[in-house]
Amino acid sequence: MKKVILSVAVVMAIGLTSCKNETKQETTETKTEVSKDMAMADISFGVRGNCGMCKKTIEKAANKVEGVANATWDVDKKKIDVSFDDTKTDAMAIHNAIAASGYDTEKVAGSEEAYSNLPGCCKYEHDMVMNQSGDKKEEGHSDHDH
Ligand SMILES: [Cu+2]
């Protein structure tokens, strides 16, 4: 039953994302390039997490914020890159959304309740260093998929 709900949620998330992309393309045609560039902001900040599942949860949380165009979390660097429309949202809203999904960011501690509901492999250490260089050779390249 849980799996069914989960897959429904995933399908809905995919549906939402594709809808978003379509509307975005339409507005791009009517707006001039300049105003579009001015509205978009790119930020990067540290977010703790362990694995590919964390990546999905973190990126989903960030992408759910209205105005976020793209969010990519780097599992090695413990860092997320987000592009968003700064007329619709701001950096703190994105920090808060990720924290609400259970993950610590540089500025906001993750929700303890959401954290306790994360799968075991995702229960990251709260003293994990964020914004790592990411060139941790070989180690961890035996990538076990969860
Ligand atoms: Cu994980």
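Treat the numbers as computed from the prediction; the structure is a model and nothing was measured.

Draft legend 1. Spatial organisation of the overall build of the chain. Along the chain, the regular secondary structure elements total 5 helices and 3 strands. Listed N to C, the secondary structure of the chain is α-α-β-α-β-β-α-α in terms of helices and strands. Within the chain, contacts between residues separated by at least 24 positions form 59% of all contacts whose residues are at least 6 apart in sequence. Carbon and sulfur atoms provide 55% of the accessible area of the chain, an area that totals close to 9,800 Å².

Draft legend 2. A look at the sheet that holds strand β2 (residues 68-74). Ordered by their spatial adjacency, 3 strands build an open sheet running β1-β3-β2, and the pairing between neighbours is antiparallel. The two strands at the open ends of the sheet, each matched to only one other strand, are β1 (40-46) and β2. Going from strand to strand, the sheet's axes swing by 10° on average, the running direction of each strand aside. Strand direction decides the pairing type here: β2 and strand β3 (residues 79-85), joined by 6 bridges, are antiparallel.

Draft legend 3. Structural detail: the pairing of β3. Burial runs high along β3: 5 of the 7 residues are buried. Taken together, β2 and the strand that follows it, β3, pair antiparallel across an intervening segment of 4 residues, in which K78 is found at a positive phi of about 55°.

Draft legend 4. Quick look at the pattern of salt bridges. If you walk through the whole model with that rule in mind, you get 2 salt bridges. Residue R48 is joined to D104 by a salt bridge in which the shortest nitrogen-to-oxygen separation is 3.0 Å. Of this pair, R48 sits in the loop between β1 and α3 (52-64) while D104 sits in the loop between α4 (91-100) and α5 (112-116), and the two are 56 residues apart along the sequence. Here K55 makes a salt bridge to E59, at a shortest N to O gap of 2.7 Å. One end of the pair is K55 and the other is E59, both in helix α3 and 4 residues apart, which spans about a single turn.

Draft legend 5. Structural context of the packing of α3 against α4. Remark: α3 packs on α4, axes separated minimally by 8 Å, with the N-to-C direction vectors making an angle of 140°. As judged from the angle between their axes, α3 and α4 are oblique. By crossing handedness, the relation of α3 to α4 is classed as right-handed. Between α3, through I58, A61 and A62, and α4, the contact on the second element is made entirely by I94, A97 and I98. Partitioning the contact of α3 with α4 into residue classes produces 6 nonpolar, no polar and no charged.

Draft legend 6. Up close: the nonpolar core. Membership of the largest hydrophobic core comes to 22 residues, with the highest contact counts inside it found for V47, I58, I80, V82, I94, I98 and Y103. Elements with a minimum of two residues in this core: β1, α3, β2, β3 and α4. Leaving out residues up to four positions away in the same chain, V82 has contacts with A41, D42, I43, F45, V68, N70, A71 and I94.

Draft legend 7. Highlighting the environment of E106. Tracing the chain through its elements places E106 in the loop between α4 and α5. The sequence separation of E106 and G46 amounts to 60 residues, and the corresponding C-alpha distance is 5.3 Å. Separated by 2.6 Å, the side chains of E106 and N131 make a polar contact.

About the criteria used
Numbering of residues starts from 1 in every chain and runs along the sequence as written. Restriction of local features to residues with pLDDT of at least 70 applies here, the model being predicted, together with a cutoff of 80 or more for giving and counting side-chain atom pairs; totals for whole chains, interfaces and linings are based on all residues. Note: side-chain values were computed over all heavy atoms of the structure, leaving out hydrogens and water. Helix numbering and strand numbering both begin at the N terminus, where a helix is a DSSP run of H or I of at least 4 residues and a strand a DSSP run of E of at least 2. Two residues qualify as a contact provided that any one of their heavy atoms is within 4.5 Å of a heavy atom in the partner residue. The method behind every accessible area is Shrake-Rupley, applied with a 1.4 Å probe, and residues are considered shielded solely by the protein chains displayed. At least two DSSP bridges between two strands are needed for those strands to be called paired. Angles here are taken between N-to-C directions and fall from 0 to 180 degrees, while the axes themselves are lines fitted to C-alpha atoms, restricted in helices to the stretch in contact. When accessible area is computed with a 1.4 Å probe and restricted to protein chains, residues below 20% of their type maximum are described as buried, those above 50% as exposed, and intermediate ones as partly exposed. Salt bridge, as applied in this entry: a Lys or Arg side-chain nitrogen positioned within 4 Å of an Asp or Glu carboxyl oxygen. What sets the label is the angle itself: under 35 degrees gives roughly parallel, over 145 gives roughly antiparallel, 65 to 115 gives roughly perpendicular, and the rest give oblique. Two helices that cross are described as forming a left-handed crossing if the nearer one is turned anticlockwise from the farther one by less than a right angle, and a right-handed crossing if clockwise. In this classification, Asp, Glu, Lys and Arg are treated as charged, Ala, Val, Leu, Ile, Met, Phe, Trp, Tyr, Cys and Pro as nonpolar, and every other residue, Gly included, as polar. Here, nonpolar core refers to any group of buried Ala, Val, Leu, Ile, Met, Phe, Trp, Tyr and Cys residues whose side-chain atoms link them within 4.5 Å. Within 3.5 Å is the distance limit for a polar contact, defined as a pair of N or O atoms, with the added protein rule that one can donate a hydrogen and the other accept it, and that residues adjacent in sequence qualify only through two side-chain atoms.

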